[in-house]
Amino acid sequence: MSAPTHSPPPGPLVEVAGLRKSYGDRVVLDDVDLRVEPGDVVCLIGSSGSGKSTLLRCLNLLEEIDDGVITFEGREISDPRVDPMQVRRRIGMVFQAYNLFPHLTVLENCTLAPRHAHGLGRRAARERARELLERFGLAEHADKHPDRLSGGQQQRAAVVRALCTQPTLLLLDEVTAALDPELVGDVLGIVRDLAAAGTTMVLATHEMAFAREVATKVAFLDGGRILEQGPPAQIFADPREERTRAFLRRVLNPGGH
Amino acid sequence: MPASPAAWRPSERELARRAERRRLHVRRSGTASASTVVVFALLGLGLVLSPGWERVQETFFSWSDAKESFPLVLEAFWLNVRIFLVAEPAILVLALLVAIMRGTRSAWLAPLRIVAVGFTDVMRGIPTLLLVVLLGFGVPALELQGLTNDRLVWATVALILSYSAYVAEVFRAGIESIHPSQIASARALGLGPVRTLRHVVVPQAVRRVVPPLLNDFISLQKDTALVSLVGVYDGVFAARDYASYNFNYTSLVVVALFFIVLTVPLARFTDWLQRRVAERERAGAL
């Protein structure tokens, strides 16, 4: 099963409606609506604690939601009868802290899911992983353990690991937040290439310049709500909401008062 | 503006979903209960229908013998509890000491390392049973001045030595599993090697090894029975005594139940402790 067995149904790839998530009586996401079309690159922006990461985790069914509906590939995945494993096999995720498995080499990290979650043969999995590692400049590190790599290399390896399962949707959770500024470019370069290749992505990010460049849609989260969403040109140049404006002022000239 | 929780009413879809979750939950519990009942019923039936069941029931599960031996076993079993209560803290201290000795890096402390390695190799190599017999009978025979000749004491010392060797290795595994970056950051804060161990490494290591430690605790609780080999009148000795006088083994089942009753609360307590630490220190999955 090297190619996806079914063609994507028409309509949005992901549709979130009225999503609500709380921990105890702390409401983290409140009445969130979001549409992701195939080929979209959706950037979630907003200050820490605004709910960006939680939203990503909800899309991947890592969190049980309190209300609302999440549709993926035309099917409601927030239904309790849906097997989360089946959903996650079609969605890739990259974490802020890389979360590579330290006991496996980079190559083994990349072949783990294809072999044991997707039933790919050892050879085919290795071939695909080597090809992707090569493409992202990690060929020489394939047989090293993650701890021997730099942060930027580890995060690139984590992206490759997510891509090895050929997901239809890629979730990126502040993938550059733990990196040195000089390494950020490396990882963003990969994401840019993926965007250009038409990969559908939802990413939480603090890199405004990057979001402006690659996003097809930007959503500004504040206090668990999507306060405003639209094409980057509109959000960055002419935000409707005062809060969006204040946030952008803060992050675009840090230190400036 | 975050809406107050009170203002929110679950949607129709959410209510339907909750009903569905409940239904799935009920179905799962139903399956679990049914399979449990079937499995245990079959096991019980197999036991009761076995040809020798009646004889076994008479010699191992006689109610009157259980009642009669209970107070005898209870009184003697109290000694097992006391041995355990004395040995366990001693083992924890000695084992941690040995583990730390083994982990030292300084050239001056090489003799300590050798002692620690030798101790572990020897004590772990000798069967606990032999160690109890050797110390329980051997040391009093030396007729040393100023040392007790009580076989109970020496048998307990044997348990402490034997188990310290095992537990030391558990501690060492825990200490070595702490990531070097933790030590680096403690040293960077200006802590010396001893304080790094005491405040950063050991507390994390201990948390990590609680489950295997509990394993060794329970094993020790059971091995307190070995003191009966050197003639100490503990729970097992009392039970065997009763069995040989009355030609009935029910007393052995009684003492076995005592051991179970002793270990189960400890296991539940540790589970609870582990869960509490996890809840406090780990938020979510990340």
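Reading the values: the criteria
- Residues numbered from 1 in each chain as written.
- Chains lettered and ligands numbered in written order.
- Predicted model: local features only at pLDDT ≥ 70, side-chain atom pairs only at ≥ 80, totals over all residues.
- Heavy atoms only, no water.
- Contact = heavy atoms within 4.5 Å.
- Buried area = accessible area lost by both parts, 1.4 Å probe.
- Salt bridge = Lys/Arg side-chain N within 4 Å of Asp/Glu carboxyl O.
- Polar contact = N/O pair within 3.5 Å; in protein donor to acceptor, adjacent residues only side chain to side chain.
- Helix = DSSP H or I, 4+ residues; strand = E, 2+ residues; numbered from the N terminus.
- Expected span 1.5 Å × (residues − 1).
- Buried < 20%, exposed > 50% of the residue type's maximum accessible area, 1.4 Å probe, protein only.
- Pairing = 2+ DSSP bridges.
- Axes fitted to C-alpha atoms, helices over the stretch in contact; angles between N-to-C directions.
- UniProt positions renumbered as here; feature names shortened; annotations may be inferred.
- Domains from an automatic or database assignment.
- Parallel < 35°, antiparallel > 145°, perpendicular 65-115°, else oblique.
- Left-handed = near helix turned anticlockwise from the far one by under 90°.
- Nonpolar A, V, L, I, M, F, W, Y, C, P; charged D, E, K, R; others polar.

### Observations regarding the interface of chain A and chain B
By a widely used convention, the size of an interface equals the accessible area lost when the partners come together.
And step 1. Facing 20 residues of chain A, the contacting portion of chain B comprises 18 residues.
And step 2. In total, chain A and chain B occlude about 1600 Å² of area from one another, counting both sides; carbon and sulfur atoms represent 46% of this.
And step 3. Ranking the residues of chain A by area buried against chain B places R20(A), D67(A) and P80(A) at the top, with a combined share of 32%.
And step 4. Here E64(A) and R21(B) are joined by a salt bridge, their closest N and O atoms 3.7 Å apart.
And step 5. Between the two partners, chain A and chain B, sit 7 residue pairs in polar contact (both at pLDDT 80 or more).

### Observations regarding helix α5 (residues 151-163) of chain A
And step 1. End to end, α5(A) covers 18 Å across 13 residues, agreeing with the expected 18 Å (1.5 Å per residue, within 8%).
And step 2. Burial of α5(A) is extensive: 13 of the 13 residues sit out of reach of the surface.

### Digging into the sheet that holds strand β2 (residues 26-36) of chain A
All names here are of chain A.
And step 1. Within the open sheet, the 4 strands sit side by side as β2-β1-β4-β5. Their pairing is antiparallel. The sheet is open, and its two edges are formed by β2 and β5 (75-76), each paired on a single side.
And step 2. Two elements, strand β4 (residues 67-72) and β5, share 2 bridges in a ladder whose sense is antiparallel. Each bridged residue has a counterpart across the sheet, and for T71 the counterpart in β5 is E76.
And step 3. In the packing of helix α1 (residues 52-59) onto the sheet, the strands contacted are β1 (14-23), β2 and β4, and the crossing angle to β1 comes to about 115°.

### Topic: the pairing of strand β6 (residues 91-94) of chain A
Residue and element names in this part refer to chain A.
And step 1. Residue alternation in β6 divides its side chains into two sets, I91 and M93 and G92 and V94, and both sets are buried.
And step 2. Pairing of β6 with strand β7 (residues 169-173), which is carried by 4 bridges, proceeds in the parallel orientation. The residue of β7 that forms the bridge with M93 is L171.

### Considering the UniProt feature "domain: ABC transporter" (unreviewed entry) in chain A
And step 1. Listed under "domain: ABC transporter" (unreviewed entry) in the UniProt record, and renumbered for this structure, are residues 14-248 of chain A.
And step 2. Across residues 14-248 of chain A, the secondary structure splits into 37% helix and 25% strand, with the terminal C-alpha atoms separated by 27 Å.

### Section: the sheet that holds β6(A)
All names here are of chain A.
And step 1. What the 6 strands build is an open sheet, ordered β6-β7-β8-β3-β9-β10; its pairing is mixed. Since the sheet does not close on itself, it has two edges, and those belong to β6 and β10 (225-230), each with one partner. Looking at each pair of strands side by side, their axes are set apart by 15° on average, direction ignored.
And step 2. Relative to strand β9 (residues 217-222), strand β3 (residues 41-45) runs parallel, the two being bridged by 4 bridges. Of the residues in β9, the one forming a bridge with I45 is F220.

### Notes on the UniProt feature "domain: ABC transmembrane type-1" (unreviewed entry) in chain B
And step 1. Within this numbering scheme, the UniProt entry marks residues 77-270 of chain B as carrying the feature "domain: ABC transmembrane type-1" (unreviewed entry).
And step 2. For residues 77-270 of chain B, the end-to-end C-alpha separation is 23 Å, with 80% helix and 0% strand making up the annotated structure.

### A short note on the domain arrangement of chain B
And step 1. When its domains are assigned, chain B resolves into domain 1 (11-46) and domain 2 (62-281).
And step 2. Look at where the C-alpha atoms of domain 1 of chain B and domain 2 of chain B centre, and you get two points 41 Å apart.

### Observations concerning the UniProt feature "transmembrane region" (unreviewed entry) in chain B
Residues and elements named next belong to chain B.
And step 1. Those residues carrying the UniProt feature "transmembrane region" (unreviewed entry) are residues 31-53, 77-101, 122-140, 152-171 and 247-267 in this numbering.
And step 2. Spanning residues 31-53, this segment combines 87% helix with 0% strand, and its end C-alpha atoms are found 31 Å apart.
And step 3. As annotated, residues 122-140 has a helix share of 89% and a strand share of 0%, and its two end C-alpha atoms lie 21 Å apart.

### Looking at the domain arrangement of chain A
Residues and elements named next belong to chain A.
And step 1. Segmenting chain A into domains produces domain 1 (9-90 + 168-257) and domain 2 (101-167).
And step 2. The interface of domain 1 with domain 2 comprises 12 residues on the first partner and 14 residues on the second.
And step 3. Between domain 1 and domain 2, a total of about 1200 Å² is buried, with carbon and sulfur atoms accounting for 74% of that surface.
And step 4. Counting across the domain 1 and domain 2 interface gives 1 salt bridge.
And step 5. Across the salt bridge formed by D186 and R156, the nearest N and O atoms sit 2.9 Å from each other.
And step 6. Between the two partners, domain 1 and domain 2, sit 3 residue pairs in polar contact (both at pLDDT 80 or more).
And step 7. Of all the elements in the fold, those that place two or more residues in the side of domain 1 that touches domain 2 are β7 and α6 (181-196).
And step 8. Per-element accounting of the side of domain 1 that touches domain 2 gives the leading share, 5 residues, to α6.

### Observations regarding the pattern of salt bridges
And step 1. Under the defined criterion, the tally for this structure stands at 29 salt bridges over all chains.
And step 2. R225(A) is the partner of D30(A) in a salt bridge, and the nearest nitrogen-oxygen pair spans 3.2 Å. Remark: R225(A) occurs in strand β10 and D30(A) occurs in strand β2; sequence separation between them is 195 residues.
And step 3. Owing to a relative accessible area of 25%, R225(A) belongs among the partly exposed residues under this scheme.
And step 4. E20(B) is the salt-bridge partner of R81(A), the closest N and O atoms lying 3.6 Å from each other. Highlighted residues: R81(A) in the loop between β5 and α2 (84-88) and E20(B) in helix α1 (residues 12-49), drawn from two different chains.
And step 5. A residue is classified by how much of its surface remains accessible, and R81(A), at 57% relative accessible area, is exposed.

### Structural notes on the packing of helix α3 (residues 63-103) of chain B against helix α9 (residues 235-246) of chain B
How two helices pack is summed up by the angle between their axes together with the distance between the axes.
Residues and elements named next belong to chain B.
And step 1. At a minimum axis distance of 7 Å, the contact between α3 and α9 shows a crossing angle of 150°. It follows from the interaxial angle that α3 and α9 lie roughly antiparallel. Note on packing geometry: the crossing formed by α3 with α9 is right-handed. Within the contact between the two elements, α3 uses D65, E68, S69, L72, V73, A76, F77 and N80 and α9 uses G235, A238, A239, Y242 and N246.
And step 2. Looking at side-chain class alone, the contact of α3 with α9 contains 7 nonpolar, 4 polar and 2 charged residues.

### So, the packing of helix α7 (residues 180-188) of chain B against helix α8 (residues 193-223) of chain B
All names here are of chain B.
And step 1. Interhelical geometry of α7 versus α8 gives an angle of 140° and a closest axis separation of 10 Å. It follows that α7 is oblique to α8 by the angle criterion. For the crossing formed where α7 meets α8, the hand is right-handed. Between α7 and α8, the contacting residues are Q182, I183, A186 and R187 on the first element and P193, T196, V200, V201 and Q204 on the second.
And step 2. Residues that form the contact of α7 with α8 fall into these classes: 5 nonpolar, 3 polar and 1 charged.

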